[in-house]
Amino acid sequence: MVIKQIKKNKKNTYEITFQSGIKSVVFEDLIVKYRLLPNKEISNSDWKNIINENDTLSSYYLAIQYLTIRLRTKKELRQYLRKKQVDNTLIEETIKKLEQEGYLKEEEYIRCFFHDSFRFSSDGPLKIKKKLLDHGLQEEKIEAVKSEISLSDWLFKLEKIFQKKANSHHTDGLEKWKQKCIQYLIQLGYPKEWIMDILPKIEWMKDNSIINKEYEKIKRKLSRKYEGNELEFQIKHRLYLKGFQKEEIDAIKKERE
């Protein structure tokens, strides 16, 4: 195989054209290493070695580029390289090399992820931990970093989120709304015992306009089907299902008599 022409491309690569018309793109590292120049003859076995090294470099540079955006886990890196159709053996070799060079530091990744999630998201410790486990990280390392954030800091954050949710718009009775807020916080990843400890500190707004609006909305809908005492019974039943208390329902009914 005799090189006819070498043309520089973007991203540290060169296009080699052989006299046979075959073209191939290789990294500059290999151009220098093997002193590839026009009119140089290369044996088939040497060219095969060059291509293998080029594939290795391609996997490595893809990984480096992916890591420059932000820290990644080995699981994320494997998934990314597979999408780029890199051979599994090359993927593992690339990951091993990156580990040796200090690019894949799991403890640093966990610490950044956990502390950033604490500062910039509403997620609780259980949800953050699950996300890290889903990334294939070790539970012991996650627990070690998790303990760096004090319980008092978590409870302070939880109370702020709880109060904000309690004050948000809703159309339920107070007791049902409390249960929905508790469930919302559980889904965010906060332990239920923390939530119940904070519950007495939350200020709940008593807004009679909610039951009034719901009464009118339900009445408009059901009056097409019911009337008289049956209509009133159905309205009361629907309001009860929405979490309004008997006293509230009786009071609004009395206002309308």
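Here we summarise the structure given alongside this text.

The rules behind each value
- Residues numbered from 1 in each chain as written.
- Predicted model: local features only at pLDDT ≥ 70, side-chain atom pairs only at ≥ 80, totals over all residues.
- Heavy atoms only, no water.
- Core = buried A, V, L, I, M, F, W, Y, C linked by side-chain atoms within 4.5 Å.
- Buried < 20%, exposed > 50% of the residue type's maximum accessible area, 1.4 Å probe, protein only.
- Helix = DSSP H or I, 4+ residues; strand = E, 2+ residues; numbered from the N terminus.
- Contact = heavy atoms within 4.5 Å.
- Salt bridge = Lys/Arg side-chain N within 4 Å of Asp/Glu carboxyl O.
- Phe/Tyr/Trp six-rings, centres within 6.5 Å; stacked < 30°, edge-to-face > 60°.
- Lys NZ or Arg CZ within 6 Å of the ring centre and 35° of its normal.
- Pairing = 2+ DSSP bridges.
- Axes fitted to C-alpha atoms, helices over the stretch in contact; angles between N-to-C directions.

Now for the nonpolar core. Core analysis: the largest hydrophobic core is formed by 28 residues, its most contacted members being Phe 114, Leu 132, Trp 154, Phe 162, Tyr 190 and Trp 204. Taken together, the elements giving at least two residues each to this core come down to α5 (106-120), α6 (125-134), α7 (139-146), α8 (151-166), α9 (174-187) and α10 (192-198). If near-sequence neighbours (up to four positions away) are discounted, Trp 154 is found in contact with Phe 114, Phe 118, Asp 123, Gly 124, Pro 125, Ile 128, Ile 149, Tyr 190 and Trp 194. Leu 62, Ile 64, Tyr 80 and Leu 104 belong to the second largest nonpolar core, which has 15 residues in total.

With that out of the way, let us pick up the environment of Ile 95. Within the secondary structure, Ile 95 sits in helix α4 (residues 88-100). Judged by relative accessible area, which is 2%, Ile 95 ranks as buried. Between the alpha carbons of Ile 95 and Arg 220 there is a distance of 65 Å; along the sequence they are 125 residues apart.

The next thing to look at is the pattern of salt bridges. Enumeration according to the criterion identifies 15 salt bridges in this entry. Between Lys 141 and Glu 106 there is a salt bridge, with the nearest N and O atoms lying 3.3 Å from each other. Of this pair, Lys 141 sits in helix α7 while Glu 106 sits in helix α5, and the two are 35 residues apart along the sequence. Put simply, Arg 119 and Asp 116 hold a salt bridge, and the shortest N to O gap is 2.7 Å. Pair noted here: Arg 119 and Asp 116 are both in helix α5, with a separation of three residues, about one helical turn. Look at Asp 116 and you get partly exposed, because its relative accessible area is 35%. Overlapping salt bridges bring together Lys 129, Glu 139, Glu 143 and Lys 146 as one network.

Per the counting criterion, the structure on display carries 10 aromatic pairs. Each residue in the set Phe 114, Phe 118, Trp 154, Tyr 190 and Trp 194 is aromatic and connected to the rest through ring pairs, giving one cluster. Over the ring of Tyr 60 we find Lys 97, and its NZ or CZ is 4.1 Å from the ring centre. Cation over ring: Lys 165 sits above Tyr 184, and NZ or CZ is 4.4 Å from the ring centre.

This next bit is on the sheet that holds strand β2 (residues 13-18). Here three strands make up an open sheet; going across it, the order is β1-β2-β3 and the pairing antiparallel. Of all the strands in the sheet, the pair left with one neighbour each is β1 (3-8) and β3 (23-27). The mean inter-strand angle of the sheet, taken between neighbouring strand axes irrespective of direction, is 25°. Alignment of β1 against β2, held across five bridges, turns out to be antiparallel. Bridge pairing in β2 places Lys 8 opposite Tyr 14.

Limitation: the analysis is restricted to geometry and does not speak to function.
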